[in-house]
Amino acid sequence: MSNLDEFFEELRPDELDGYGPIAVKELKKEKNVVGTYCIFTPYELISAAEAIPVTLCSTSDATIKEAEQHLPRNLCPLIKSSYGYALTDKCPYFHFADLVVGETTCDGKKKMYEYLGRMTPVHVMQLPQSNNREEDFENWKEEMIILKNALEEKFNVTITDQRLKEEIKKKNLERETLKEFYQLSQLTPPPLYGTEILQVLDISKFTFDKSLANQRTRNIIEEVKKSYNNGERRISEDAPRILITGCPIGQATEKVVELVEESGGVVVCFENCSGVKGNEELVDENIAPIDALTEKYLNTPCSCMSPNDNRIDLLSELIDEYQVDGVIDMVLQACHTYNVETFRIKSFVTDKKNIPYISLETDYSQSDVGQLKTRISAFVEML
Amino acid sequence: MYSVGIDIGSVATKGVIFDGEMVDYIVIPTGWNPKEAGVDALNKLLEDNNLAKKDVNQITATGYGRVSADFADEVVTEITCHAKGGHFLDNKVRTIIDIGGQDSKAISVDENGNVMDFIMNDKCAAGTGKFLEVTINSLGENINDLDELTKNTEPQEINSMCTVFAESEVVSLLAQGASKESVALGIVDAIANRAQVLLSKVPINDQILFTGGLAKSERIKKVLSDKLGRKIITSSNSQLAGALGAAVIGLE
């Protein structure tokens, strides 16, 4: 076993200081906790309100059965999972949350928040459906101010511009550190497996002291660089380099990443919410903080926007930067916006970038692993 | 130098011995044990040709049972194999439709038989060989007599694509007085519709090669050709395309 294999093998999130549910439980004694679901959430506003933004559980099928007591079966698994976790009190982060901030990114979530609000206080931000008009900026800015006021009132704090600027700086540093980490996969051959990238992103996300999180990410970067510079190569130079785009990936849907890497490919880039999507653009530190936050978050290249040209631009850059050989578009069942966008993404990837593309529709069950394996192996074989 | 390709499908296991040309082949039912079926097909092929395992340079397994084929030197998906096998059968072909036991796929290939794009049916058995087998059996008929059965009739429309629901639909159509023959042709129609949907998602150049078990049916071939308004070709070895492709890959 190589040094780096061993390093990642021993990198067990649950054993790290300041990570996960135990850390939140401790922090809860002195701070408020705000649950979030989506990367449209302006984290800086929450932390400037002296509260801790926490991503809520939403990526396992463990609670879907319970969620279906209230929600339709043919709904996106992410929404059902989120709701089921809340309903069954199985998500520790939800358990400790004083407030949940949601956004109207899709109809399913929008309506789900209404039910969620019966269990816990929910603040929903009304997201514009486009981001290319002056009005969109104004509307989203208004939503930022409404959230700011709500946080101030709820937690009895004042969010000053000064505090916001500090938090923007901190969050930008976290984004830059994470970018530096996953951009290591631009190397040929890549030093990291996709499963490891997800693992590290996860560790950073659930380490709530961000200076500790950044330090940890930095240590990992150094470790990876050291072994790479020592000539250690774990991944073949011939392994097809895959970019995964589409719906959020994690836990139950990591099956897709695992199948790619079992088939001899390597995932070098995640163009989705847990990956590049939220980190690529920084918040402008030189303009009024609310304006800067409005601009950054409104530009999120999500399929809920119409048109969603930002996603095409981002994909185009990433395909070049990561020297991608093939694109996998992962769509969660019943996610209409991403599913409809597959046609546009396929045309762009195959016609404009001249590389193969495949779209895979899946959910959180493991019942389709056999079929997925055939599709994914065949895709890797054709690269 | 020999190469053996074994395609363990959900219904039938196919084996091909190849040395640049097809030397011999075998088709046996897969039954309940895919691994055993693969081993049996391999042993029988070797035995029939007076060969020992050491005479074979490479054994390549494909098909849904490939995961359990620990006797194989290499494992390749049926998509890649049908592309190679289809290309070997007719090197002018750029589009392949394979209707297998549990999976159907439309494959676009380049001039060397490499996969350019492909699309597969969704999770269930809609429009596959299993769909046909189950529904035809519910008519009390055998899938091998399909062409004869549907000779002089008009298709009865079948709306359900779920195998289980289609079976119920067949039963109620018969109860309403529809003829067995027209229902059978309706099932063929339904399968052709599914194949047409798959084919609409890959580029089609000129003629289409029909591979997999159902390619033995002239009726399915004709109905699909009529629907597409294109020439669908088959080969007497269409069913062997996967095993043949595996053997070709082994030799390469």
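Residues numbered from 1 in each chain as written. Chains lettered and ligands numbered in written order. Predicted model: local features only at pLDDT ≥ 70, side-chain atom pairs only at ≥ 80, totals over all residues. Heavy atoms only, no water.

## Description of the overall build of chain A
Next up, step 1: When its secondary structure is counted, chain A shows 16 helices and 8 strands.
Next up, step 2: Whereas a compact globule of 383 residues would reach a radius of gyration of roughly 21 Å, chain A reaches 20 Å, a difference of no more than 12%.
Next up, step 3: Seen along its three principal axes, the alpha-carbon backbone of chain A occupies a region of about 55 × 45 × 40 Å.
Next up, step 4: The 383 residues of chain A split such that 57% are buried.
Next up, step 5: Contacts in chain A between residues far apart in sequence, at least 24 positions, make up 74% of those at least 6 positions apart.
Next up, step 6: With an accessible surface of roughly 16,000 Å², chain A has 46% of that area assigned to carbon and sulfur atoms.
Next up, step 7: Taken together, the 43 basic and 65 acidic charged side chains of chain A have centroids lying 3 Å from each other. (Helix = DSSP H or I, 4+ residues; strand = E, 2+ residues; numbered from the N terminus. Rg over C-alpha atoms; globule rule 2.2 N^0.38 Å. Buried < 20%, exposed > 50% of the residue type's maximum accessible area, 1.4 Å probe, protein only. Contact = heavy atoms within 4.5 Å. Areas by Shrake-Rupley, 256 points an atom, 1.4 Å probe, with all protein chains shown as cover. Lys, Arg positive; Asp, Glu negative; His and termini not counted. Charge placed at Lys NZ, Arg CZ, Asp CG, Glu CD.)

## Quick word on the sheet that holds strand β3 (residues 99–103) of chain A
All names here are of chain A.
Next up, step 1: Strands sit in the order β2-β1-β3-β4 across an open sheet of 4 strands; the sheet is parallel. At either end of the open sheet lies a strand with only one pairing partner, and these are β2 (51–55) and β4 (122–125). When strand polarity is set aside, the average angle formed by the axes of neighbouring strands in this sheet is 25°.
Next up, step 2: Inspection of the sheet shows β3 paired to β4 by 4 bridges, in the parallel sense. Bridge assignment links E103 to a residue of β4, and that residue is M125.
Next up, step 3: Each of β3 and β4 touches helix α7 (residues 107–116); the most contacted strand, β3, lies at about 160° to it.
Next up, step 4: Across the sheet, helix α8 (residues 134–155) is in contact with β1 (32–36), β2, β3 and β4; its angle to β4 comes to roughly 165°. (Pairing = 2+ DSSP bridges. Axes fitted to C-alpha atoms, helices over the stretch in contact; angles between N-to-C directions.)

## Remarks on the sheet that holds strand β4 (residues 56–62) of chain B
Whenever strands of a sheet pair, they do so through backbone hydrogen bonds, lying parallel or antiparallel.
Residues and elements named next belong to chain B.
Next up, step 1: Spatially, β3-β2-β1-β4-β5 is the arrangement adopted by the 5 strands of the open sheet, whose pairing is mixed. Since the sheet does not close on itself, it has two edges, and those belong to β3 (22–29) and β5 (74–75), each with one partner.
Next up, step 2: Packing against the sheet, helix α1 (residues 34–48) makes contact with β1 (2–8), β2 (12–18), β3 and β4, and its axis sits at approximately 145° to β3.

## Observations concerning the environment of B:V188
Residue and element names in this part refer to chain B.
Next up, step 1: Structurally, V188 can be placed in helix α6 (residues 180–199).
Next up, step 2: As for V188 and P155, which are separated by 33 residues in sequence, their C-alpha atoms are 8.3 Å apart.
Next up, step 3: When near neighbours in sequence (up to four residues on either side) are disregarded, V188 contacts L146, R219, I220 and V223.

## A few points about helix α2 (residues 78–89) of chain B
Next up, step 1: Its 12 residues give α2(B) an end-to-end C-alpha distance of 16 Å, which sits within 8% of 16 Å, the value for a rise of 1.5 Å per residue.
Next up, step 2: By the criterion of burial, α2(B) is predominantly enclosed, with 10 of the 12 residues buried. (Expected span 1.5 Å × (residues − 1).)

## Focus on helix α10 (residues 194–205) of chain A
In an α-helix, one turn spans 3.6 residues, which is why side chains three or four residues apart end up on the same side.
Residue and element names in this part refer to chain A.
Next up, step 1: Taking 1.5 Å per residue as the helical rise, α10 with its 12 residues ought to reach 16 Å, and the 16 Å between its terminal C-alpha atoms agrees with that figure.
Next up, step 2: Within α10, burial applies to G194, E196, I197, L198, V200, L201, I203 and S204.
Next up, step 3: Buried-residue contacts for α10 involve α1 (3–9), α9 (161–182), α11 (210–229), α12 (254–262) and β6 (266–271).

## So, the packing of aromatic side chains
Residues and elements named next belong to chain A.
Next up, step 1: One pass over the structure, following the stated rule, counts 8 aromatic pairs over all chains.
Next up, step 2: Pairing Y93 with F206 gives two aromatic rings, centres 4.9 Å apart and planes at 15°, and the pair type is stacked. Placement of the pair is Y93 in helix α6 (residues 92–96) and F206 in the loop between α10 and α11, with a sequence separation of 113 residues. For the residue pair Y93 and F206, the accessibility class agrees, reading buried in each case.
Next up, step 3: An aromatic cluster is present here, built from Y19, Y93, F206 and F208 joined pairwise through their rings.
Next up, step 4: The ring of Y43 carries the charged tip of K171 above its face, separated from the ring centre by 4.5 Å.
Next up, step 5: One Lys or Arg, K296, reaches over the ring of Y297 and ends 5.7 Å from the middle of that ring. (Phe/Tyr/Trp six-rings, centres within 6.5 Å; stacked < 30°, edge-to-face > 60°. Lys NZ or Arg CZ within 6 Å of the ring centre and 35° of its normal.)

Note that all results are geometric; they support no functional claim without further evidence.
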